[in-house]
Number of protein chains: 2
Amino acid sequence: MEMVLEKQVKALSERTLRRLPRYIEILKRMKSEKIEFVSSNMIADELGLDSIQVRKDLAATGVIGKPKLGFAIDELIAGIKHTLNWDNQTDAFLVGAGSLGSAILGYKTFSDHGLNIIAAFENEPSKVGEIINHITVLPIEKLSDMAYRMKVHIGVITVPAGEAQKVADMMIEGGIKAIWNFAPVHLKVPDFVIVENAQLSHSLGVLTHKLAESLK
Amino acid sequence: MEMVLEKQVKALSERTLRRLPRYIEILKRMKSEKIEFVSSNMIADELGLDSIQVRKDLAATGVIGKPKLGFAIDELIAGIKHTLNWDNQTDAFLVGAGSLGSAILGYKTFSDHGLNIIAAFENEPSKVGEIINHITVLPIEKLSDMAYRMKVHIGVITVPAGEAQKVADMMIEGGIKAIWNFAPVHLKVPDFVIVENAQLSHSLGVLTHKLAESLK
DNA sequence: CACCTATCGATAATTTTTTATCGATATAAA
DNA sequence: TTTATATCGATAAAAAATTATCGATAGGTG
């Protein structure tokens, strides 16, 4: 009889992945209210979801619940964080210290989300040398080399549309494996590079469409 | 025989809605390259999608293509914009003139996306009176009244988590019908209010998870 | 002009995601 | 100690989304 050596990790759909941070969000609040066990129903009610869906999502994290009680909240938070790889930080470079870039550099909470931005880069000479939230802005020319030497794996792109592809190419040259792209451009990258798009316009489109529908 | 008075609008899934802005993005670039007709295959190739899916998405906008040629690019852009209601601007208020809020106020391109932010509000007295990208920061107390009097229908929330629900309540009191929420909180709102969440952490979770998977 | 072909758009098949059902079980109450 | 029940988690059903198939047609080609 074979031993199952590693915990069976079920495939995680992208939709499940997007719900997990929402679970963390309300679980943290519940924890602050001294709640120790939480049922799939409580979570579902809180977020307006279906409890079966919540159970399925949580099953994907490997955390198991107890009949009649639900899930131990600490264990659950830890499990979700582990699934998202938010329980250890990955170093990242950010390129584009404009207003959005600066805003992102200012977020201290990203360290809770597995991201540790250690340097920022800019094209614009006037911005080079600035220090934003303890992070120095360096000239873009240094990007590839530094990424390579420091084994940085995540790149955040907050430059204008026209420059984004060039920046992505530099990142890939420096060995970056995952790009968080805020520029409103579809990046062309090799298969082994992960791109996660975070364009605001995508979510804005849903809003403006639904609003127009609801008003007519 | 009955006349079909209004163009038959098929139901638009949220997933289709999220792809439409991406189509606009590359269509605009193609247009600048003097391309006049574009096929579903060209779009699909460009974005790494399936051409059938592209055709289905475009069908939902009501734009019709020509066999052998594809879609007239101008007509297509206009049709998608119309579907998203990006062909006319809706006034909006933004609350929370922190770094992210300021960044959003700075985006001039939102006017291309149907959004016209006409005022910003803040809790923090030191920020009140500031002018960011021609938009004055007003005291939060004025929010509900002004929204009501000016018939503003969209609210953008860029305050810290702890204040977001309170701000949402004020917005709803002022008659706001759609909320674009950047605060990492699940907002509780009546059924008739549309909430579109734009939390960065959701997309970051997908990235960190996939990166961890790919590295092991 | 007649044929060939790229493309559309409608319908069908497949896959994925969501929702439903139900037996098992841990805790609390009788 | 026995019983009742809330909840889990597995399996099944239903719904939604994606992908495949194919006839129709506009426009180019010989």
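These lines cover the structure that appears in this document, whether it is placed above or below. Residue indices begin from 1 for each chain and proceed along its sequence in written order. Chains and ligands are labelled sequentially in the order written, the chains with letters from A and the ligands with numbers from 1. With pLDDT at 70 or above as the cut-off, local features in this predicted model cover only qualifying residues; side-chain atom pairs require 80 or more to be listed or tallied, and sums for whole chains, interfaces and linings still use all residues. Heavy atoms throughout the structure, all of them, feed into the side-chain values; hydrogens and water do not.

A few points about the relation of the copies chain B and chain A
Part 1 of the reasoning: At an RMSD of 0.0 Å, chain B and chain A line up after a rotation of 180° and a shift of 0.0 Å along the axis. Taken together, the rotation angle and the small translation identify this as a two-fold axis.
Part 2 of the reasoning: When you check the interface residues of chain B against chain A, 100% turn up at the interface there too, and the contact is symmetric in its surfaces. The copies were overlaid by least squares, fitting only the C-alpha atoms of residues that reach a pLDDT of 70 or more in each copy. Residue contacts follow a heavy-atom distance rule, with two residues in contact if any of their heavy atoms lie within 4.5 Å.

Topic: the protein's contact with DNA strand C
Part 1 of the reasoning: Neighbouring DNA strand C are 21 residues; Ile52(A), Pro67(A), Ser40(B), Arg55(B) and Gly65(B) lie closest to it.
Part 2 of the reasoning: Any pair of N or O atoms that falls within 3.5 Å is considered a polar contact. Within protein, one atom must be able to donate a hydrogen and the other to accept it, and sequence-neighbouring residues count only if both atoms are side-chain atoms. Note that a phosphate oxygen of DNA strand C is positioned 3.0 Å from one of the side-chain N or O atoms of Arg19(A).
Part 3 of the reasoning: Separating a phosphate oxygen of DNA strand C from a side-chain N or O atom of Ser40(B) is a distance of 2.5 Å.
Part 4 of the reasoning: Strands here mean DSSP runs of E at least two residues long; helices mean DSSP runs of H or I at least four residues long; both are numbered from the N terminus. Secondary structure elements with two or more residues in the surface near DNA strand C: helix H1 (14-32) and helix H3 (51-59) of chain A.
Part 5 of the reasoning: The element best represented in the surface near DNA strand C is H3(A), accounting for three residues.
Part 6 of the reasoning: Each residue receives one of three labels: charged for Asp, Glu, Lys and Arg, nonpolar for Ala, Val, Leu, Ile, Met, Phe, Trp, Tyr, Cys and Pro, and polar for the others, Gly being one of them. In terms of residue class, the surface near DNA strand C is built from six nonpolar, six polar and nine charged. One heavy atom suffices: a residue is near a molecule or strand as soon as one of its heavy atoms comes within 4 Å of it.

A few points about the packing of helix H5 (residues 99-106) of chain A against helix H5 (residues 99-106) of chain B
Part 1 of the reasoning: Relative to each other, H5(A) and H5(B) sit at 170°, their axes nearing to 8 Å. With respect to H5(B), the element H5(A) is oriented roughly antiparallel. Here the hand of the crossing between H5(A) and H5(B) comes out left-handed. Of the residues in H5(B), those in contact with Ser99(A), Leu100(A) and Ala103(A) of H5(A) are Ser99(B), Leu100(B) and Ala103(B).
Part 2 of the reasoning: Class assignment for the residues of the contact of H5(A) with H5(B) results in four nonpolar, two polar and no charged. The axes used here are C-alpha line fits, helices contributing only the stretch in contact, and every angle between their N-to-C directions lies in the interval 0 to 180 degrees. An angle below 35 degrees is read as roughly parallel, one above 145 as roughly antiparallel, one from 65 to 115 as roughly perpendicular, and any other as oblique. By convention, the crossing between two helices is left-handed when the near helix turns anticlockwise from the far helix through less than a right angle, and right-handed when the turn is clockwise.

Re the interface of chain B and chain A
Part 1 of the reasoning: On the chain A side, the residues contacting the 53 residues of chain B number 53 residues.
Part 2 of the reasoning: As a working definition, buried area equals the accessible area (1.4 Å probe) given up by two parts on being put together, with both sides summed. Carbon and sulfur atoms supply 69% of the area buried between chain B and chain A, which totals about 5200 Å² over both sides.
Part 3 of the reasoning: Three residues stand out in chain B for area buried against chain A, namely His186(B), Leu200(B) and Leu207(B), and they jointly supply 12% of the buried area on that side.
Part 4 of the reasoning: Each reported salt bridge corresponds to a side-chain nitrogen of Lys or Arg within 4 Å of a carboxyl oxygen of Asp or Glu. Between the two partners, chain B and chain A, sit four salt bridges.
Part 5 of the reasoning: A salt bridge links Glu46(B) to Lys188(A), with the shortest nitrogen-to-oxygen separation between them at 2.9 Å.
Part 6 of the reasoning: Applying the counting criterion to the chain B and chain A interface returns 19 residue pairs in polar contact (both at pLDDT 80 or more).
Part 7 of the reasoning: Elements supplying a minimum of two residues to the side of chain B that touches chain A: helix H1 (14-32), helix H2 (40-47), helix H4 (73-84), H5, strand E8 (178-181), strand E9 (194-197) and helix H8 (200-215) of chain B.
Part 8 of the reasoning: Here the element with the most residues in the side of chain B that touches chain A is H8(B); it accounts for 15 residues.

Things to note about the protein's contact with DNA strand D
Part 1 of the reasoning: Around DNA strand D, a shell composed of 21 residues is seen, among which Ser40(A), Arg55(A), Gly65(A), Phe71(A) and Ile52(B) lie nearest.
Part 2 of the reasoning: Between a sugar or linking oxygen of DNA strand D and a side-chain N or O atom of Arg15(B), the distance comes to 3.4 Å.
Part 3 of the reasoning: Within the side chain of Lys68(B), a nitrogen or oxygen atom sits 3.4 Å from a base nitrogen of DNA strand D.
Part 4 of the reasoning: Among the elements that make up the surface near DNA strand D, the one with the highest residue count is helix H3 (residues 51-59) of chain B (three residues).
Part 5 of the reasoning: Residues belonging to the surface near DNA strand D are distributed by class as follows: six nonpolar, six polar and nine charged.

What about the nonpolar core?
Part 1 of the reasoning: Throughout this description, the term nonpolar core refers to a set of buried Ala, Val, Leu, Ile, Met, Phe, Trp, Tyr and Cys residues connected via side-chain atoms within 4.5 Å. Only protein chains enter the accessibility calculation, which uses a 1.4 Å probe; a residue whose area is less than 20% of its type maximum is buried, one above 50% is exposed, and one in between is partly exposed. Ranked by size, the top nonpolar core spans 50 residues in total, and within it Trp180(A) and Trp180(B) carry the most contacts.
Part 2 of the reasoning: For Trp180(A), the contacting residues outside a window of four places in its chain are Phe110(A), Leu115(A), Gly155(A), Val156(A), Ile157(A), Glu196(A), Ala198(A), Leu200(B), Ser203(B), Leu204(B) and Leu207(B).

Here we look at the pattern of salt bridges
All names here are of chain A.
Part 1 of the reasoning: Taken as a whole, this structure holds 20 salt bridges over all chains when the rule is applied.
Part 2 of the reasoning: Close ionic contact of aspartate 74 with lysine 31 constitutes a salt bridge, the shortest N to O distance being 2.7 Å. Here the residue aspartate 74 occupies a position in helix H4 (residues 73-84), and lysine 31 occupies one in helix H1, the gap between them amounting to 43 residues.
Part 3 of the reasoning: Residue lysine 31 is classed as partly exposed on the basis of its relative accessible area, which comes to 39%.

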